[in-house]
Amino acid sequence: MKNQIGMMGKKIGMTQVFNGDGTRSGVTAIELGPCFVVQKRTPERDGYCALQVGFEEMAERKASRPAAGHFGKAGIAPQRYLQEFRVSEETAAQYEPGQEIKVADLFQMGDKIDIAGVSKGKGFSGVMRKFDFAGAKATHGVHEAFRHGGSLGQCMTPGRVMKGKKMAGQFGDSAVTIQNIEIMRVFAADNLIFVKGPVPGSRNSLVTVMPAVKKKR
């Protein structure tokens, strides 16, 4: 179980940076926070320990009355996104509702992190694009089936197509988490970080950043 607090942010886009040895690395810019602690979950009241974190302030007129009251208890403006992070009781004791969380509080240059987001939707796709099927031959009597998936292969028993068979369908638009990504730059004043390599999702899409749970030794 992940017992560490994280932050939410927005993917800005990709650029490149130069390292100390003169090599060049492609990086993704992420606007990270600022986030606010909205509510604390306690074992006595809720049965578990967690921190509810909000990100991106929105107009009060766009918040429902229950939501406005929920944020009002923490003394903060309504937030567009909410997420809970399971934490230890020692970590929860360091935060109070309404407290601001900034990039410099959690992350430094060189840290390894996990990033979760929703990948770009690719629409209805065939099996060659979706699963890298080889396709059929273009000779020896193959007719209009060059990019098909082939036989689904069931006889009298069980006499049906088994669930989970790889077939054409919706591609992308799914939850993706990439692990052990290195932070290349931290711009605390601008709530901005550069991470090495690509990040799932389109520009301005929501991403969640947490300390890596499988750090490579």
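Description of the structure in this document. (Residues numbered from 1 in each chain as written. Predicted model: local features only at pLDDT ≥ 70, side-chain atom pairs only at ≥ 80, totals over all residues. Heavy atoms only, no water.)

### Side note on unusual backbone geometry
Excluding glycine, most residues fall at negative phi; most peptide bonds, likewise, are trans. Each neighbour pair has its own omega, and for Gly-33 with Pro-34 the value is 0°, a cis peptide bond. Along the chain, Pro-34 falls in the loop between β2 (24-32) and β3 (35-41). Each neighbour pair has its own omega, and for Thr-157 with Pro-158 the value is 5°, a cis peptide bond. Tracing the chain through its elements places Pro-158 in the loop between α5 (127-131) and β9 (169-172). Positive phi outside glycine occurs at Asn-180, with the angle close to 55°. For Asn-180, the position within the fold is in strand β10 (residues 175-187). On the basis of relative accessibility, which here comes to 17%, the residue Asn-180 falls in the buried class. (Helix = DSSP H or I, 4+ residues; strand = E, 2+ residues; numbered from the N terminus. Buried < 20%, exposed > 50% of the residue type's maximum accessible area, 1.4 Å probe, protein only.)

### Topic: the pattern of salt bridges
The final tally for this structure, using the stated rule, is 6 salt bridges. Salt-bridge contacts for Lys-10 lead to Glu-56; the nearest nitrogen and oxygen are separated by 3.2 Å. Linking Lys-10 in strand β1 (residues 7-18) with Glu-56 in strand β4 (residues 50-57), this pair joins segments that are 46 residues apart in sequence. Classification of Lys-10 by relative accessible area gives buried; the value is 18%. (Salt bridge = Lys/Arg side-chain N within 4 Å of Asp/Glu carboxyl O.)

### Observations concerning the packing of aromatic side chains
On inspection of all chains with the given rule, the structure shows 3 aromatic pairs. Between Phe-55 and Tyr-81, the aromatic rings sit 6.2 Å apart at their centres with planes inclined by 20°, giving stacked as the arrangement. Of this pair, Phe-55 sits in strand β4 while Tyr-81 sits in strand β5 (residues 79-86); the two residues are 26 residues apart in sequence, bridging distant segments of the chain. Judged by relative accessible area, which is 4%, Phe-55 ranks as buried. Where Phe-187 meets Phe-194, the ring centres are 5.2 Å apart and the plane angle is 70°; that geometry is what we call edge-to-face. You can call Phe-194 buried: its relative accessible area is 13%. (Phe/Tyr/Trp six-rings, centres within 6.5 Å; stacked < 30°, edge-to-face > 60°.)

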